[in-house]
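Coordinate analysis (summary)
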Amino acid sequence: MTQNGAGEGSGLVTGDAVLVDVRLAKLPSRTLAFVIDFSLQLVAFTALTFLVGATSGLADDVLSVVLLFVGTVAVFVGYPVTIETLTRGRTVGKFAVGLRVVRDDGGAIRFRHALARGLMAVVEIYLCFGAIAVFVSLISPEGKRVGDYLAGTVVLRERAPAATPAQWWLPASLQAWAASLDLSGLQPATALSARQFLVRASSLNDDARAALGQSIADEMRRQVRPPPPPGVGAETFLNAVLAERGRRGALVSSPVSKPSSAPASTAEAQPAAPASAPAPGPAEGTDGFTAPS
């Protein structure tokens, strides 16, 4: 998630401490949206300058300067602030590219968020020719600029094709433990590492598979509570945590379902393991984990 590719997967943490996978907009797509908006602003500013010049003979110089200043603020600050507030995070450029500004928790932005972003854009984009915005966006894991950090917002890609959700292997014996997990401390990078490892575990040799799986499991075990029951292998542990994390994310995204502390049914919580998420192999069970009996 640290690279500057548009549309990479990441996550937003909801108020229930559930991380929901999303696709963040990075510098290329945001730049394209800005170019569209800036072109419209230049057209409006040119028209404004022409009107002020045409009426300069009917007003004194001071009034012309005031009108030009007010119009400039309206074009370069009022336009994005007003449009983003009314459309809940989309300007004309963002709509054309398929982007939307949301709060860090995934909620719709309000006037104060749009205002903070609009005012900061004057400094980091217009006065500095975009240098500050580009630099901060390049080093930001979420592709944010300074205005996003001040407002507590992030820009998402709405039209990016959603990845097919993986089905993770959860034994029936671990359902009660998985339902009691506190996942608020689970870092997105750790979950991503676990997911990538499980997808390609079958292509690794036994020693590399065992060592890498154990390393990721140890890191994840420090971030979730309670610890797994004795005798749970590393890959079984990783699969169980990802399965429970995905189940809670599905509950949050459902308009009728609510999170529950009760274990899921056996049919729901124990899907058949696809090829992309292999069941634990014989290479598990080292350094604190033993293969399940």
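Relevant structure appears above.
Reference entry: report on the structure contained in this document. In this text, all values refer to a predicted model and were calculated from it rather than measured experimentally.

Conventions used here
- Residues numbered from 1 in each chain as written.
- Predicted model: local features only at pLDDT ≥ 70, side-chain atom pairs only at ≥ 80, totals over all residues.
- Heavy atoms only, no water.
- Salt bridge = Lys/Arg side-chain N within 4 Å of Asp/Glu carboxyl O.
- Helix = DSSP H or I, 4+ residues; strand = E, 2+ residues; numbered from the N terminus.
- Buried < 20%, exposed > 50% of the residue type's maximum accessible area, 1.4 Å probe, protein only.
- Contact = heavy atoms within 4.5 Å.
- Polar contact = N/O pair within 3.5 Å; in protein donor to acceptor, adjacent residues only side chain to side chain.
- Expected span 1.5 Å × (residues − 1).
- Arc of directions from axis to C-beta.
- Phe/Tyr/Trp six-rings, centres within 6.5 Å; stacked < 30°, edge-to-face > 60°.
- Lys NZ or Arg CZ within 6 Å of the ring centre and 35° of its normal.
- Core = buried A, V, L, I, M, F, W, Y, C linked by side-chain atoms within 4.5 Å.

Evaluated as defined, the whole model comprises 12 salt bridges. Residue glutamate 158 is joined to arginine 90 by a salt bridge in which the shortest nitrogen-to-oxygen separation is 3.4 Å. Within this pair, whereas glutamate 158 is found in the loop between β4 (153-157) and α7 (175-179), its partner arginine 90 is found in the loop between α2 (61-86) and α3 (92-97), the two being separated by 68 residues in sequence. On the basis of relative accessibility, which here comes to 39%, the residue glutamate 158 falls in the partly exposed class. With a relative accessible area of 22%, arginine 90 lands in the partly exposed category.

What follows covers the environment of tyrosine 126. Within the element layout of this structure, tyrosine 126 appears in helix α4 (residues 111-127). Note on tyrosine 126: relative accessible area 23%, which makes it partly exposed. Beyond its immediate chain neighbours, meaning those up to four positions away, tyrosine 126 contacts Phe34, Phe38, Gln41, Phe76 and Ala121. A distance of 3.3 Å separates a polar atom in the side chain of tyrosine 126 from a polar atom in the side chain of glutamine 41.

What follows deals with unusual backbone geometry. Omega for the bond connecting arginine 225 with proline 226 falls within 30 degrees of zero, at -5°, which places this linkage in the cis form. Summarising the element assignment, proline 226 is placed in the loop between α9 (206-221) and α10 (234-253). Backbone geometry at arginine 88 places phi at a positive 60°, although glycine is not the residue there. Turning to its location among the elements, arginine 88 is positioned in the loop between α2 and α3. Unlike most non-glycine residues, phenylalanine 129 shows phi in positive territory, near 55°. For phenylalanine 129, a relative accessible area of 78% corresponds to the exposed category.

A word on helix α8 (residues 188-200). The end-to-end C-alpha separation of α8 is 19 Å, in line with the 18 Å expected for 13 residues at 1.5 Å each. Of the residues making up α8, those classed as buried are Thr190, Ala191, Ala194, Phe197 and Leu198. On an axial view of α8, the arc spanned by its buried residues comes to 130°, and they lie on one face.

Applying the stated rule across the entire model yields seven aromatic pairs. For the pair phenylalanine 34 and tyrosine 126, a centre-to-centre distance of 6.3 Å together with 45° between the ring planes defines the contact as tilted. You can see phenylalanine 34 sitting in helix α1 (residues 27-54) and its partner tyrosine 126 sitting in helix α4, a full 92 residues away along the chain. An angle of 45° between the planes, with centres 6.0 Å apart, marks the rings of tryptophan 177 and phenylalanine 237 as tilted. Here the residue tryptophan 177 occupies a position in helix α7, and phenylalanine 237 occupies one in helix α10, the gap between them amounting to 60 residues. Phenylalanine 237 shares its class with tryptophan 177; the two are buried. In this arrangement the basic side chain of lysine 144 is found over the ring face of tyrosine 149, its NZ or CZ atom lying 5.1 Å from the centre.

The subject of this paragraph is helix α5 (residues 131-139). For α5, the full list of buried residues reads Ala133, Val136 and Ser137. Down the axis, α5 shows its buried residues gathered within 100° of arc, on one side only. Exposed residues lying more than 90 degrees from the buried face of α5 are Phe135 and Ile139.

Counting residues in hydrophobic clusters, the biggest one holds 26 residues, and the most contacted among them are Trp177, Phe197, Met220, Val224, Phe237, Leu238 and Val241. Within the residue set of this core, elements represented by two or more residues are α7, α8, α9 and α10. By residue number, the principal contributor to this core is α10, which donates seven residues. Contacts of valine 224, omitting those with residues within four sequence positions, involve Leu181, Asp182, Leu183, Leu186 and Phe237.

Fair warning: the whole summary comes from geometry, so function is off the table for now.
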